Every structure is written in C-alpha cells, then in structure tokens.
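Letter by letter, the chains look like this.
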Amino acid sequence: MPRSRLLPVLAALAVPAALAAQAVPADSATHVATALPVATDSLAQAANAAAAANGVAINFVWTLVAGFLVMFMQLGFAMVETGFTRAKNAAHTVSMNFMVYGVAMMAYWAVGFAIQAGGLGPVGTLGQTAATATLTKAFSVTLGGHSWGLFGYSGFFLTGINYTAPVFAYFLFQMVFMDTTATIPTGALAERWKFASFVVFSLFIGGLIYPLYANWVWGGGWLSQLGSNLGLGHGHVDFAGSSVVHMTGGVIALVTAKMLGARRGKFGPDGKVNAIPGHNIPMALFGTFVLCFGWFGFNAGSTLAGGDLRIGVIATNTMLAGAAGSISAMLYMWTRYGKPDPSMLANGALAGLVGITAPCAFVTAPSAVLIGLVAGVLVCWSVFFIERTLRIDDPVGAISVHGVCGAWGVLALGLLADGTYGDGWNGVAGGVRGLFYGDAGQFAAQVIGTVTNLVVVGGVAALCWGITGLLVRGHRVAVADEEIGLDVPEVGALAYPDTTDISSAVVLASSSAHSLTGRKEAA
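Note that the structure is a prediction, hence the values are computed from the model and not measured.

A. The arrangement of the pairing of strand β1 (residues 138-143) in detail. Bridge count for β1 against strand β2 (residues 146-152) is six bridges, and the pairing is antiparallel. For phenylalanine 139, the partnering residue across the bridge sits in β2 and is phenylalanine 151.

Have a look at this one:
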C-alpha cells in the first residue's frame, strides 16, 4: 500500500485505540502500564498539561473581557448622572465621571492595590500556585489565638516580583471595580462640588478608603476570616461587590453629601423640598441600559474563571433581579404618586442589580426575583427618606441605589443563600447557606460586615474629606458659580454652547436669595 494511504489508516486505527486505553478497567491497568509505560505516562502528562494551560488561558480571557465590560460601565454612570442633573452643569458632571477613571486608577495602581490584595496569596484561576504566588505580604494582628488580617503591603506600583501576567490581569479586573465605587459620590455631590476637591478626594478613594474595606472582604482580611476563626458561616461573603463596591460608594456619598450641604434652592425656608429635575431623562435611561449590559461582566466575571459553569446562574440571576427592580419601582411610584416616573424606573433597575451583586452565585431564580422586587421598592422609599427626613440632597439617588440596596444585597445573601455553591469559600468547607437554609452564623457575618462598612468607611471618608478641604481650601463652589452653572467656572467649557435655554435654573423665592454677584437681595 502506498505510504500516502497507509498513514491515514494508521491514524484512524490509533484514535479508537487511544480512547479504549482511557477506559481500561482497573484489573487491566497494570498490563497496559507494563506494555507501554513511557508512552502512556508521557501522553497523559502532555494531555493534562495542555488541558491545564487551556483552562488558565480561558480564565485569562474571561477575566479580561469581563473587566472590559465593567470599564464600559463608566460610560453608563456618566450618562445617568449627567442626564439627572441640569444642563448648566452638564460639562462639569460628565468631566468628573471622565476623570475619576484616571485619577482614582493612578492612586489604586500606586498604593491601593497593594493595600487591598498585597496578602491575597495565589490567584489560582489565573495559573498561580502557592509556590509561584507573589501577593504574599499582609499585616495582621493576633487576638484570641487567631490571626486577623488588616491590610496588604505587596504590589505597590505593580513592580518587582509582581510584574507577572496573573497579577496584572487581576489588577485590571479589581481596578475597574474600585472605579465604580469612586464614581458614586460624583452623582451625590453633583452641581455644587469644586473640581479641585473632586480630584484630591478621588485619590483618597482609590488609594485608601476602598482598598481597606476590600482587603477585609476580598483580600484575606478579618471580615473574610469570621468563618474560619469564629465559625460564623463562611465569613462575610460578597460575591461581586454589594458591600465592597456599592455600599462603600454609597456610604462615602452619604457622609460627604451631608457635609457638603444641599444645592441652593433644594430646601425652602419653610422646610419644603423643591424638585430640581434633570435636563435629559432619555440620556439617563440610555445610560441605565449600558450599566445593565456591563453588569454581566461585573457579576459573572467575578468567578475569574470562564470554566466555572456557575456563570450561567449568575448572569441569569443578575438579569432577573434588574428587571424585577424596575417593575416594583414602577408599580410603587404608579400606585403611590399616580405616575411611574422614568427616573425611578432607572433607579429601580439599578437597585435590583446592586441587590443581587452579592448573592448572585448563591441563590435560586425565584430568590433573585424577590431580591430585585424588594430593592425596587426599597430604593423609592429610601430616596424620599434621605431627602425629606435626613435632609440630604442627592441629585441622582446614588446613596439609595448603591448604599441602601448594597446593604440589602449582603443581608439577602445571609438569608437566602441555598448551599449549592461556595464550597471552600474563605477556607470553610461546604456551600454557603443563609439563615433560611440553616446557617444563622452566615447572617451574623453579613450583619457584621454591613455595620463595619457603615462605621469604618464612613469614618475614614469623613477624615479624608476634612484633609481634602484643607488642601484645596474648601469643597463647595462659589454662590455665583453655582447659580449660573459650573461648566465655565469650574471646567472652562459649556456642554451646550449653542443654546440660551435657562429652564434648568432654580428660581429662588426666598427673601435671602443670592444674586450672581454673591450679594443678598430681595426675591
């Protein structure tokens, strides 16, 4: 037979023979190993090595693409916040959303990442092992015979031994999460925040405030050790950031919005709350769609593993909760106030997404819908409570969407996690179970993490806010600038230079209204 025909025949015969060899019964294994010891071992090792390498490569691509999706969410935030604020401040608002990406990133690259992940250990899904791990330095204290991590200190500037592909990929993914936190206060403080103060304070968020709490939950810190050290479930669990990302940003926004004060005209002298409508509701709703799309990367990407088939559950739960949040917010506003209110439709969807971010991998589809439904109503109630009772002015509802619903998300995990996922999470055997599935300790850990966020993040944010004020000589723009709009005074360009429409300006009826020169005058 010609050689050209012989080779295909031999190859065809070799394939079933190889497949059969893989299914050899136990009592025949010795015979096969004796007959072809070197060849079998070599092929098996080569196959295993190739499979492992392919798995790591898939995880790399999955993690990076998910990070790219989360980065794209910055556009969504910019559109939502700009649409919900007035035309005279549009360039200022969108400029903060643009520059927070670069400013906070530099702080996170320089010091924040090391504080958060410096003691993380090996990033296993990206190919690191205990022997090749480079993020291995953490500061901890010993109390009650247990070690409690406080912060990391390896990976500054991504140099030295951390100049490796797994660490760089992990940094990219974690950085865009941090930047989501950093952009939340720009909405709550919009229309009266000095641009210089924004820049300096964003450095604090990226370099200290966010990384500290993130270390305690995701970097091997003490909140993650509540399970292994004290038997409280799996410790504080937050799959993709309801507390680490969203509640952190919401608490920062709460504290700083209270300290900065309300926009002129928001609260009348008689205590009345005045509505200050945004100038472009369609832009805000389009931005919400962008965020809904990016959230698939936010939640499903947090597996850091494209081979983890749980991503199907995570993505579907994410979608369901967002839809449920928009529906419950619509029904709440429609029945209580007579109209569905487009701004609340958007915030309801975002509330559902924030709420499902922590428990997305651990709950059933009906539970995901329930979490979204509660979040949609909760955000509506919270917006009015913060505005009317706490007297805090939040132009876009960021405190309610991210802070309140972020807290709801981690507590919902402590109630509804069903134990089908999370074996080995934070070093604790067995799946993650909430209170309704038999683990009261898990709910306790979730409560501890939530209270810690409110107290510590709030306190550190207040301290950093005070330091920022000293450095830039105050946080608030001049009265005249606030009245005419911040576009030209703060960033030097009008968002809409071809229009003379001033319908977005607040008309102050108070006798103590200020003129554009800053002098008090009668209304």
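B. Seen up close, the packing of helix α13 (residues 398-416) against helix α14 (residues 440-472). Look at α13 against α14: their axes get within 7 Å of each other, and the N-to-C directions meet at 165°. The orientation of α13 relative to α14 falls into the category roughly antiparallel. Seen from above, α13 lies across α14 with right-handed handedness. Touching Ala407, Val410, Leu411, Leu413, Gly414 and Leu415 of α13 are Gln442, Phe443, Gln446, Val447 and Thr450, all from α14.

C. Looking closely at the packing of aromatic side chains. Evaluated as defined, the whole model comprises 26 aromatic pairs. Here the aromatic rings of tryptophan 193 and tryptophan 465 are separated by 5.9 Å at their centres, their planes lie at 35°, and the arrangement is tilted. Of this pair, tryptophan 193 sits in the loop between α5 (165-188) and α6 (195-218) while tryptophan 465 sits in helix α14, and the two are 272 residues apart along the sequence. Like tryptophan 465, tryptophan 193 is buried.

D. The confidence of the model for the chain, seen in detail. Counting all residues, the mean pLDDT for the chain is 90, and 88% of those residues have values of 70 or more. When the criterion is pLDDT under 50, residues 6-39 qualifies, and its contacts beyond four places in sequence or with other chains add up to four contacts. Here residues 502-523 scores under 50 on pLDDT; set against residues more than four positions off or in separate chains, the count is 36 contacts.

E. Region of interest: the state of the cysteines. Tallied over the entire structure, the rule returns zero disulfides. Left unpaired, cysteine 405 is separated from the closest cysteine sulfur, that of cysteine 380, by 9.1 Å. Classification of cysteine 405 by relative accessible area gives buried; the value is 0%.

F. Expanded view of the packing of α5 against α6. Where α5 contacts α6, the two axes come as close as 9 Å, and the packing angle between them is 125°. Between α5 and α6, the interaxial angle falls into the category oblique. As for how α5 packs across α6, the hand of that crossing is right-handed. Between α5 and α6, the residues in contact are Tyr170, Gln174, Phe177, Met178, Thr181, Ala182, Pro185 and Thr186 and Phe198, Ile205, Gly206, Tyr210 and Trp218, respectively.

Rules behind the numbers
- Residues numbered from 1 in each chain as written.
- Predicted model: local features only at pLDDT ≥ 70, side-chain atom pairs only at ≥ 80, totals over all residues.
- Heavy atoms only, no water.
- Pairing = 2+ DSSP bridges.
- Helix = DSSP H or I, 4+ residues; strand = E, 2+ residues; numbered from the N terminus.
- Axes fitted to C-alpha atoms, helices over the stretch in contact; angles between N-to-C directions.
- Parallel < 35°, antiparallel > 145°, perpendicular 65-115°, else oblique.
- Left-handed = near helix turned anticlockwise from the far one by under 90°.
- Contact = heavy atoms within 4.5 Å.
- Phe/Tyr/Trp six-rings, centres within 6.5 Å; stacked < 30°, edge-to-face > 60°.
- Buried < 20%, exposed > 50% of the residue type's maximum accessible area, 1.4 Å probe, protein only.
- pLDDT = per-residue confidence, 0-100.
- Disulfide = S-S within 2.5 Å.

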